[in-house]
Structure formats: structure tokens, C-alpha cells
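# Residue-level structure breakdown
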Amino acid sequence: AVRQCFREKSPLDRPNYVCQCPSGLMGNGRNCRPGVDASPKPMVRFDGVTPTEETVKNNYYCGCTKPQVDACEGFPPCAGNHEICTVTSSNAPMCGCKPGYVNNNDGYGCVDETPPLLKLRNDPHGDNTMRLVQGDVYKEYAVEIVDENAEEYLRSLRITYSKPLPPGCLSQIGEFHVNYTVATPWTSPPYVRVTRRVVIEDIDECTLDISEYASSCPELIP
């Protein structure tokens, strides 16, 4: 089978003829002009019939060519979290995990294949220890979540203290721990955690500036 071309009804129409490709082929039927026309690569959507937007944009391409199927073009949106249209070995569309995610078939759907890394903020020595002295006030610096999905993990971040923090200054020598935990229920254990050690060291009460601590930490004034 070959293309069939017909003259337009009006001789004023330009172009003044139209060509049709035989069944199973796609194109505008016109001869391809080297260096002018794009290489013919017509494609149809996942239904195997409807031309893709790119094909229509290129006027169906020159000549008559068997179209390729863009399996994901026009495929209904995937409902699962972090799912996208993927193509099987037989060029059939299906919903699957987007790059960087895996489905372990454990009921959690597509999950991050690498758990996030938690890095303590304000950890100048890199030893997960904050060193304070009596009279200081503990300030929570939290953690940095190193992952491209950090915003999502941040919603599950829990901060817990090994003992209740006193209001105001830290007057007692000792230490406590702060746990930062992000839920990853598909891993074992089902979380990622980093711990900050807070050490409160002794201060020489005899050298205190009474005017400085009288209001901020009166417990230290001898």
C-alpha cells in the first residue's frame, strides 16, 4: 500500500493537495525534504491510536511511518505516593515508583530507598556533645535532615529529652541527652535517630558577676 494524494477543491488552497497514509502508518504523506523536515518519528498515546501532542505539533511528520507507542502519554495519573507511570519490558504502561524509591511490598508503597541522614546543628567539634556551664540556658538547635525529601521527613521529627529541662538557667552540674528521631516504618529499626549529649560543667561561684546573674540565675549566687 502507498500513500494516496488528492487535490483540494479550491486551486487557491496552499498546499493544493492532501495526502493520506495507508492503514497502520502515520504522517502527512508529503515527501521528506532533506535539511528542512524533521526526521519522521510519529508517536501515539498509550491507547495505540491517538497521536501525541509532539506528533500533532510537527504536522504528523513527513512521509508515512509506523508510529511508536509512548506508553505513558495520556496514561491516567498514578494514585500512590511517589508513584509515576513506568513502562514494562513489553512497552505496557503501569504505575511504579519514581527514581530513588522502592516498593518492598510491605504495605508502605513507594518509600525512600536510602534513609535520611540526621546531622546535629551547632556541633562544632563533631562529637555530638554540647558543653555548657552552670548559669547557661539551653537552646534547642535541632538537626539538619540530609535528604532530598527533608521537608517530608521533618513532619515526623520528634525531639525528646532524657529528663525535663528546668525553666531558665541550668544551675545543676551534670548532663542530659536529647534524642532526635525521624520515623521510617519500612526499615528495621523503624526510625533514624541521633543523640546530642549536653554537659553542664562547674562554674566558680566566687568569681561570679553578681549583677549579671542576680536576675538570670539567682540560684548560683553564694
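Presented here is an overview of the structure given in this document. (Residues numbered from 1 in each chain as written. Predicted model: local features only at pLDDT ≥ 70, side-chain atom pairs only at ≥ 80, totals over all residues. Heavy atoms only, no water.)

## Examining the packing of aromatic side chains
The following threshold applies: Aromatic pairing here means that ring centres of Phe, Tyr or Trp (its six-membered ring) are within 6.5 Å. Orientation follows from the plane angle: under 30 degrees is stacked, over 60 is edge-to-face, and everything else is tilted. Strands are runs of DSSP state E lasting at least two residues, helices are runs of H or I lasting at least four, and both sets are numbered from the N terminus onward. Remark: exposure states derive from per-residue accessible area (1.4 Å probe, protein chains only) relative to the maximum for the residue type, with buried under 20%, exposed over 50%, and partly exposed in between.
Applying the stated rule across the entire model yields three aromatic pairs. Taking the centre distance of 6.2 Å and the plane angle of 85 degrees together, the rings of Tyr 138 and Tyr 161 count as edge-to-face. Of the two residues, Tyr 138 is situated in the loop between strand 10 (129-133) and strand 11 (143-146) and Tyr 161 in strand 12 (residues 158-161); the sequence distance between them amounts to 23 residues. For Tyr 138, a relative accessible area of 11% puts it in the buried group. Measuring from centroid to centroid gives 5.5 Å for Tyr 138 and Phe 176, while their planes differ by 80 degrees, and the two rings are edge-to-face. Here Phe 176 lies in strand 13 (residues 174-183) and Tyr 138 lies in the loop between strand 10 and strand 11, a separation of 38 residues in the sequence.

## What about the side chain of Thr 129?
Applied cut-off: Note on definitions: a residue-residue contact is assigned when non-hydrogen atoms from the two residues lie within 4.5 Å.
By the element assignment, Thr 129 lies in strand 10. Beyond its immediate sequence surroundings of up to four residues, Thr 129 is in contact with Asp 123, Arg 197 and Val 199.

## Some thoughts on unusual backbone geometry
Residues other than glycine predominantly adopt negative phi, and peptide bonds predominantly adopt the trans conformation. For the bond running from Ser 188 to Pro 189, omega is 0 degrees, close enough to zero to count as cis. By the element assignment, Pro 189 lies in the loop between strand 13 and strand 14 (191-201). Notably, Asn 59 is not glycine yet its phi reads approximately 55 degrees, a positive angle. Considering the arrangement of structural elements, one finds Asn 59 in the loop between helix 1 (53-57) and strand 4 (68-69). According to the relative accessible area criterion, Asn 59 is partly exposed, its value standing at 44%. Residue Asn 91 is not a glycine yet carries a positive backbone phi of 65 degrees. In this fold, Asn 91 is placed in the loop between strand 5 (83-87) and strand 6 (93-97). By relative accessible area, Asn 91 is classed as partly exposed at 37%.

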